[in-house]
Amino acid sequence: MSYDRHNVFARILRGEIPCKKVYENAHALAFHDINPLMPVHVLVIPKGEYVSFVDFSAQASAEEQAGFVQAIGAAAKACGVAAGGYRLIANNGADAHQEVPHLHVHIFGGKPIPGRMIKQEGR
Ligand code: 5GP
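Criteria and cut-off values
- Residues numbered from 1 in each chain as written.
- Predicted model: local features only at pLDDT ≥ 70, side-chain atom pairs only at ≥ 80, totals over all residues.
- Heavy atoms only, no water.
- 1 Å grid on protein atoms, 1.4 Å probe; cavity = no way out; pocket = protein on both sides within 12 Å on 5 of 7 lines; lining within 4 Å.
- Points joined across faces, edges and corners; volume = space filled by probe spheres on them.
- Helix = DSSP H or I, 4+ residues; strand = E, 2+ residues; numbered from the N terminus.
- Nonpolar A, V, L, I, M, F, W, Y, C, P; charged D, E, K, R; others polar.
- Buried < 20%, exposed > 50% of the residue type's maximum accessible area, 1.4 Å probe, protein only.
- Pairing = 2+ DSSP bridges.
- Salt bridge = Lys/Arg side-chain N within 4 Å of Asp/Glu carboxyl O.

**Q** What should I look at first to understand the layout of surface pockets in this one?
**A** Its boundaries defined by the atoms lining it, the largest pocket holds a volume of some 540 Å³. In this structure, the largest pocket is lined by 24 residues; those nearest its centre are Phe9, Asp33, Ile34, Asn35 and Leu43. Elements represented by at least two residues in the lining of the largest pocket include exactly α1 (8–13), β2 (28–32) and β3 (40–46). The greatest single-element share of the lining of the largest pocket, amounting to three residues, is contributed by α1. When its residues are assigned to classes, the lining of the largest pocket shows eleven nonpolar, eight polar and five charged.

Structure follows, in structure tokens:
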């Protein structure tokens, strides 16, 4: 899938729409989801133009990949779920119901998470 520069996360990265920032480094940004499904629901996105993990793992530099992974850990710590536990989910493509076509990892936490939670069950 080609990258759509008008997607909402591209607009957040350009500062065209606001976000509640949790963490940022040179290669990634973490911010609160606008429609939280859990007490803590944070999104972590790479700053580069990648739709999915297939694109990102194939095309991102080693520095970008390291920066993204580092940001996921730092964001989990910054939003207070590191001690209690958290779940990471990345929806990729149509079958996974990816809504925003810019790679993102969801961090869910803040209360015990059902063992088989999917997105709709997380409310
Ligand atoms: P997906 O289904 O693509 O994995 O998840 C996209 C997520 O982006 C959803 O949880 C949705 O609430 C969130 N989202 C969509 N638009 C915005 C926005 O403008 N700001 C923020 N912070 N989150 C958004």
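From this point on, the discussion continues.
**Q** Is there a simple way to think about the pairing of strand β5 (residues 105–109) in this case?
**A** A regular strand places its side chains on the two faces of the sheet in alternate fashion. The element β5 is extensively covered by neighbouring structure, given that five of its five residues are classed as buried. Across the two faces of β5 the burial is the same, with Val105, Ile107 and Gly109 and His106 and Phe108 all buried. Bridge count for strand β4 (residues 86–89) against β5 is four bridges, and the pairing is antiparallel. Across the sheet, residue Arg87 finds its bridge partner in β5, namely Phe108.

**Q** I would appreciate a short explanation of the pattern of salt bridges in the present structure.
**A** Two side chains carrying opposite charge are able to pair once their charged atoms lie near each other. All chains considered together, the criterion is met by five salt bridges. Across the pair Arg5 and Glu49 runs a salt bridge, and its minimum N-O distance is 2.8 Å. With Arg5 in the segment before α1 and Glu49 in the loop between β3 and α2 (53–59), the pair connects residues that are 44 residues apart, well separated along the chain. With a shortest N-O distance of 2.7 Å, Lys21 and Glu24 are connected by a salt bridge. Among the ionic contacts, a cluster of salt bridges with common partners joins Arg11, Arg14 and Glu16.

**Q** Just checking my understanding: could you explain unusual backbone geometry for this structure?
**A** A positive phi is found at His97, a non-glycine position, where the angle reads about 60°. Structurally, His97 can be placed in the loop between β4 and β5. Look at His97 and you get exposed, because its relative accessible area is 52%.

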